[in-house]
There are 4 protein chains.
Amino acid sequence: MRIGLLTGGGDCPGLNAAIRAVVKQGLGEYGHQIIGFRNGWKGVVDGDVVQLDRANIRNILPQGGTMLGTARFHPHSAGGMEQVMATLEAERIEALICIGGDGTLNAAQKVAEEGIKIVAIPKTIDNDVYGTDLSIGYHTAVNIATEAIDRIHTTAESHNRVMVVEVMGRHAGWIASAAGIAGGAEVVLTPEEPFDIEKIVKFLRHRHKAHANFSIIVVAEGAAPAKGSAMDFEVQLGQYGEIIAGAIGERVSKEIQERTGFDTRLTVLGHVQRGGTPTPTDRILGSRFGVAAVDAITQGQTNVMTALRNDEIVLVPLEEIAGKLKTVPDELLRVAKALA
Amino acid sequence: MRIGLLTGGGDCPGLNAAIRAVVKQGLGEYGHQIIGFRNGWKGVVDGDVVQLDRANIRNILPQGGTMLGTARFHPHSAGGMEQVMATLEAERIEALICIGGDGTLNAAQKVAEEGIKIVAIPKTIDNDVYGTDLSIGYHTAVNIATEAIDRIHTTAESHNRVMVVEVMGRHAGWIASAAGIAGGAEVVLTPEEPFDIEKIVKFLRHRHKAHANFSIIVVAEGAAPAKGSAMDFEVQLGQYGEIIAGAIGERVSKEIQERTGFDTRLTVLGHVQRGGTPTPTDRILGSRFGVAAVDAITQGQTNVMTALRNDEIVLVPLEEIAGKLKTVPDELLRVAKALA
Amino acid sequence: MRIGLLTGGGDCPGLNAAIRAVVKQGLGEYGHQIIGFRNGWKGVVDGDVVQLDRANIRNILPQGGTMLGTARFHPHSAGGMEQVMATLEAERIEALICIGGDGTLNAAQKVAEEGIKIVAIPKTIDNDVYGTDLSIGYHTAVNIATEAIDRIHTTAESHNRVMVVEVMGRHAGWIASAAGIAGGAEVVLTPEEPFDIEKIVKFLRHRHKAHANFSIIVVAEGAAPAKGSAMDFEVQLGQYGEIIAGAIGERVSKEIQERTGFDTRLTVLGHVQRGGTPTPTDRILGSRFGVAAVDAITQGQTNVMTALRNDEIVLVPLEEIAGKLKTVPDELLRVAKALA
Amino acid sequence: MRIGLLTGGGDCPGLNAAIRAVVKQGLGEYGHQIIGFRNGWKGVVDGDVVQLDRANIRNILPQGGTMLGTARFHPHSAGGMEQVMATLEAERIEALICIGGDGTLNAAQKVAEEGIKIVAIPKTIDNDVYGTDLSIGYHTAVNIATEAIDRIHTTAESHNRVMVVEVMGRHAGWIASAAGIAGGAEVVLTPEEPFDIEKIVKFLRHRHKAHANFSIIVVAEGAAPAKGSAMDFEVQLGQYGEIIAGAIGERVSKEIQERTGFDTRLTVLGHVQRGGTPTPTDRILGSRFGVAAVDAITQGQTNVMTALRNDEIVLVPLEEIAGKLKTVPDELLRVAKALA
């Protein structure tokens, strides 16, 4: 078989593990041909391809990013769909493995509707893809964020400061919750739970008087104040209505500084959260997903997404996950609070 | 309530996260008293106790080891059981949280049979405790082993060598499988699958001729040759029939060196696998288990073990897990082979 | 002898190693008493003291920050000098070890002029203290910055982006040069060499056409455009004329994005650069400085700073270093350029 | 000019940084041709060459090992010298850059005597090359060893154990001293200072009674008992009189266990010390040495070794360093003792 392969959306650690597994399992186990498209859907539209063999994937397992390149590009807007179909036909692609997040999976769904056999592999450091316990990249992001909080913790303590750390997470607070618990943060703000700045201020005042004169506050970039709360405001959005990195962190820092008088500083982690060598968990997850995707195609199971459930790899129909979001469960949010 | 707390068996990263969570949830949420026993069951027998409060757990979250100390000590052998009961009565302990592996859980089961309310929290870097997807310490051990394999990989490649890495895992090959996949090992040997040295030799000869002239072989310390295979031998055991660190690794290295003529070197990772700062996953797991254990006791659910299943915390009756072992599933062993 | 000890200015990794060495050498070798002042000079003014013994310094070697606390506080402004002298007399301090950067050394000089015996230990992640090859904290900061650049590198390459990374360094470009070389940055901007944005733009256009379509630019926060260059502007300063974190990075990103059209992103590393576990180099440097400071006092050599020169510990008179700044030598700047 | 380049002896992190710098500076600054020999002197004898350009060195900066390969091979024994000269002539090599340790520098000296222009670059994780403050690879090895000691420390403390850690260092105790200080070891044994096991035992007994019931002992593989001391024995050597990894560590562990009765465990770090991603210091050192080597050749300064002195790059005549060894200075050994 000739199987196409692309990585779409924002890059993250673990993509290369999945690419390597697709190539090794595809060539080694079944003798398939694996055709890589460069820069996500853009490469499909442009016909930018590379036939992948063992030499291409040498030493990529521990490397961050994606050796195929990626781009935030939606073929179905701007009439790219015909181009997509033309390229797939020209390259005689029998099935397509799409590694990506919401945007890529959306596009994959559209392409599936045109009759192309699709297997999707979920990746997003935000971990909000529905239907799977884990997506590629999330685990490494939590590691990086926790390491940063560990570092910031010693400064907070030495200087008696409130340190605000903004992490990624537009629609779900997975990184904030996990890194908040792992880093021992006093407050964790997530999109799941709109916050009341006055309650936070009260808590900080009590803590700094009774226990310790420093605090760590972790804020997901998609966190927002509760309607009707003391700090009910519209978070500033970007040109296209998108969340702006640093916006909520800056506002929260300012409010705390002004309301408590405590010396308060902000760190916006930004791009470091999505780069560098993947953790073993992301390498293993990418490897298992890659093997499973090739197995699925070979066995004729398509229009599905590989997923991790109960520590096992399963296949989930694409239509089951379309338009859904996986948010942080109450138990985890509760643990974050209990350990503040 | 007065709740006892101990850590038993070999130490590992993440224990302090669990201790901290027990204390924070116990004191903060319910107003319980938490009585720590030093050095595992030995401290119960000796009446070596410390009442834990917020000051005791300060800054322990990112620290490896256990601030309570631990020991490999079985109270039920050597007639310690009466001493255990005497201490628990003297300290007016209403329930006991035992953080440990097989040995500790066994002892906990015995103590439960004497009428003491028990909640167990599973820890073992071997990850072979039955009934839970993850035990405290395993994840950090995989991280350390993978990092070591990454390091050894560059030497193997620069020197055209076969590098054998022995990792922990007496009865199950969890660390070997996970670190083997994550580190891109060519061969992974586990207790689950007895090996045939001649097949490995054949594979290495083929690989070094066709693809690359170096290889990484990861061996769990409990791996053993298949009965009737070319290298059918008794692995040397210790005084009490226990597995000796380095024994199987040394033998495998020697056989490969002699049979292939390839320059072959052994590294025995040893104690570094169980020390140092825990990964975020182990900190979060310890934190969730600790909170759940206190919740369980408070709600009267005892003689259970906290467990992770399907990414959720559940309680499993102690009797369900007694004497059982969790081994590596076929799918993971298969991925390790597919990506060799 | 009764020896005072304080850490002043911004915190950084390695301070605890120095504190531990002062205590161990002071108590163990000579039987001195070591009196710690909390929160730098503020603690001297306030009389906030703690007598340090072995229990205080347990396990602090691998910890970032300072167990004594620190503050940016200048006793000589605001008439604190009399308070300083009063506290030192009340505590019967015979000599004072001051661990700090420019500000602390300045204050130390003033206190020395009042007749107090001083030994200074240099610390600053900026590495610009004159008279020593290395100051405590710099080495760890370079490690953190390099690790961040490594992470950002994989994203730059996967997305074909220009990534701008702003690191610390107000008056000297040590972190930028070192992390720039270690991280393989294409452009390094330092206070030592005012830049011409048009030359950078030209270089990037050439590189992205000829070699690779991504680039990493490392900017020290004190970098500035050359007078009369295409981008001759005043960098925005803070309320007190101080450099604002992010200001130059943001401007450089914007100019490159607009002039080249390349997708350009900024990361401001910020506080993570000064926290967390120190590298072995900073632990060893702190340890050697601490031992040397106590030896110096005991031998009557005071009003000096401990320094590293030619890999040896020497003592430098305080007056020799006052008001001087150590900038990056040409050879290092040249290597950064050669390897772009 | 056509410049040859090889890496010889044991591999270590930072070699690729030097290779990259030689290629970038050679091609970019001067338009030289750089001819790489594979697997050290073996490649010169065999005529195994590769012309290096920008594509070859892509992404190698953060990688351990050497992209040219290496081997422990001495051309001057076994009559390889004629072959060496023949290859250099056939390849029209005008000057040769040799990156290596003692063995490689020795061979380089011999080749220089035959009239070939040589510039050597020192590398050895043992750091015992004479004439330079630092050799490539040492710094990363210290980092790895310190990290291992940090991990082992938490286990030692949790289990009340004596942990013995054997690190590399056959003729000099650089890694042992540095990692011993950085890791807070109680005892550091080096080749520089023959030890008396009874004194160590006495110290441990005192410490475990008075202060803490655990200890870390770091042993360089070349450490040996003092003549006439309580444990005066011949350390077991290998077939060719070489030091055997683990030999001294095992003996020291056994003696301590037997003489003190303390639970004592050994970890032999082994090959992990020489692999994996280099620290920034090793990347920068390799980069500076590589640039300096090409500059030296271009300016006609040959038969020299690049060296770091007083934080500056200098050139040292090969004859000045022949047969000399750089051992650990007293001050560093003294600090290790003072902080025990």
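How each quantity is defined
Residues numbered from 1 in each chain as written. Chains lettered and ligands numbered in written order. Predicted model: local features only at pLDDT ≥ 70, side-chain atom pairs only at ≥ 80, totals over all residues. Heavy atoms only, no water. Contact = heavy atoms within 4.5 Å. Buried area = accessible area lost by both parts, 1.4 Å probe. Salt bridge = Lys/Arg side-chain N within 4 Å of Asp/Glu carboxyl O. Axes fitted to C-alpha atoms, helices over the stretch in contact; angles between N-to-C directions. Helix = DSSP H or I, 4+ residues; strand = E, 2+ residues; numbered from the N terminus. Parallel < 35°, antiparallel > 145°, perpendicular 65-115°, else oblique. Nonpolar A, V, L, I, M, F, W, Y, C, P; charged D, E, K, R; others polar. Least-squares fit on C-alpha atoms with pLDDT ≥ 70 in both. Pairing = 2+ DSSP bridges. Polar contact = N/O pair within 3.5 Å; in protein donor to acceptor, adjacent residues only side chain to side chain. UniProt positions renumbered as here; feature names shortened; annotations may be inferred. Buried < 20%, exposed > 50% of the residue type's maximum accessible area, 1.4 Å probe, protein only. Domains from an automatic or database assignment. Left-handed = near helix turned anticlockwise from the far one by under 90°.

Undergrad: Please set out the interface of chain A and chain B residue by residue, giving values where relevant.
TA: Taken together, the contact between chain A and chain B spans 44 residues of the former and 44 residues of the latter. The junction of chain A with chain B conceals about 3600 Å² of combined surface from both sides, 50% of it contributed by carbon and sulfur atoms. The tally of links from chain A across to chain B stands at 8 salt bridges. A salt bridge links B:R334 to A:D295, with the nearest nitrogen and oxygen atoms 2.6 Å apart.

Undergrad: Talk me through the packing of helix α9 (residues 280-298) of chain C against helix α5 (residues 138-159) of chain D; I want residue IDs and the actual numbers.
TA: The N-to-C vectors of α9(C) and α5(D) enclose an angle of 85 degrees; their axes lie 9 Å apart at closest approach. Considering the angle they form, α9(C) stands roughly perpendicular to α5(D). Touching C:P280, C:T281 and C:R283 of α9(C) are D:H139, D:V142, D:N143, D:T146 and D:D150, all from α5(D). Looking at the contact of α9(C) with α5(D) residue by residue, the classes come out as 2 nonpolar, 4 polar and 2 charged.

Undergrad: Mind laying out the relation of the copies chain A and chain B, listing which residues take part and the relevant values?
TA: Relative to chain B, chain A is turned by 180 degrees and slid 0.0 Å along the rotation axis, the superposed coordinates differing by an RMSD of 0.0 Å. Taken together, the rotation and translation describe the operation of a two-fold axis. Nearest to the rotation axis, the C-alpha of A:N310 is located 1.9 Å from it, this being the minimum over chain A.

Undergrad: Now, about the sheet that holds strand β8 (residues 215-220) of chain D: what can you tell me, with residues and values included?
TA: Residues and elements named next belong to chain D. Taken in spatial order, the 4 strands make up an open sheet running β7-β8-β6-β9, and their pairing is parallel. Every interior strand has two partners, whereas the edge strands, β7 (187-189) and β9 (264-268), have only one. Neighbour-to-neighbour, the strand axes of this sheet turn through a mean angle of 15 degrees, independent of strand direction. With 3 bridges connecting them, β7 and β8 associate as parallel partners. Residue pairing across strands places V187 opposite I217, the latter belonging to β8. Of the strands in this sheet, β6 (162-167), β7 and β8 touch helix α7 (residues 197-210), which is tilted by about 160 degrees from β8.

Undergrad: Break down the side chain of C:K24 for me, with residues and values.
TA: By secondary structure assignment, the location of C:K24 is in helix α1 (residues 15-30). Looking at C:K24, its side chain comes within polar contact range of the main-chain oxygen of D:L339, at 3.0 Å. Of note is the side chain of C:K24, whose polar atom sits 3.4 Å from the backbone oxygen of D:A340. Beyond its immediate sequence surroundings of up to four residues, C:K24 is in contact with C:E29, C:R54, C:I57, D:A338, D:L339 and D:A340.

Undergrad: Talk me through the UniProt feature "active site" (unreviewed entry) in chain A; I want residue IDs and the actual numbers.
TA: Residue and element names in this part refer to chain A. Those residues carrying the UniProt feature "active site" (unreviewed entry) are D126 in this numbering. Of note, D126 is situated in the loop between β5 (118-122) and α5 (138-159). With a relative accessible area of 13%, D126 lands in the buried category. Setting aside residues up to four positions removed in sequence, D126 forms contacts with M168, G169, R170, W174 and I175.

Undergrad: A description of the pattern of salt bridges should follow, citing residues and the corresponding values.
TA: Going through the model one piece at a time under the given rule, you end up with 64 salt bridges over all chains. Within this structure, A:E198, A:R251, A:E255 and A:R259 form a network of salt bridges that share partners.

Undergrad: Can you tell me about the domain arrangement of chain A, naming the residues and giving the values?
TA: All names here are of chain A. The domains assigned to chain A are domain 1 (2-137 + 278-321) and domain 2 (141-274). Computed over C-alpha atoms only, the centres of domain 1 and domain 2 are separated by 34 Å. At the interface, 11 residues of domain 1 touch 11 residues of domain 2. Summed over both partners, the interface of domain 1 with domain 2 buries about 880 Å², with 50% contributed by carbon and sulfur atoms. One can count 0 salt bridges joining domain 1 with domain 2. Counting across the domain 1 and domain 2 interface gives 4 residue pairs in polar contact (both at pLDDT 80 or more). Looking at side-chain class alone, the side of domain 1 that touches domain 2 contains 3 nonpolar, 4 polar and 4 charged residues.

Undergrad: Quick rundown of the pairing of strand β3 (residues 49-52) of chain A? Include the residues and the values.
TA: All names here are of chain A. In β3, alternate side chains face the same way, and those of V50 and L52 are buried while those of V49 and Q51 on the opposite face are not. Where strand β2 (residues 33-37) lies against β3, 4 bridges are found, and the strand directions are antiparallel. Within the sheet, the bridge partner assigned to F37 lies in β3 and is V49.

Undergrad: Requested: an account of the packing of helix α1 (residues 15-30) of chain D against helix α9 (residues 280-298) of chain D, with residues and values cited.
TA: All names here are of chain D. Two elements in contact, α1 and α9, have axes whose closest approach is 7 Å; the angle formed by their N-to-C orientations is 40 degrees. Judged by the inter-axis angle, α1 sits oblique to α9. Judged by the sense of rotation from one axis to the other, the crossing of α1 with α9 is right-handed. Two secondary-structure elements touch here, α1 through A17, A18, A21, V22, Q25, G26 and Y30 and α9 through D282, R283, G286, S287, G290, V291, V294, D295 and T298. For the contact of α1 with α9, a count of residues per class yields 7 nonpolar, 6 polar and 3 charged.

Undergrad: Please set out the sheet that holds strand β6 (residues 162-167) of chain C residue by residue, giving values where relevant.
TA: Residue and element names in this part refer to chain C. One open sheet holds the 4 strands; their spatial order is β7-β8-β6-β9, and the pairing between them is parallel. In this open sheet, the two strands that pair with only one neighbour each are β7 (187-189) and β9 (264-268). On average, adjacent strands in this sheet sit at an angle of 15 degrees to one another, irrespective of strand direction. Inspection of the sheet shows β6 paired to strand β8 (residues 215-220) by 6 bridges, in the parallel sense. Following the sheet pairing, V162 is matched in β8 by S215. Docked against the sheet, helix α7 (residues 197-210) engages β6, β7 and β8, running at close to 160 degrees with respect to β8.

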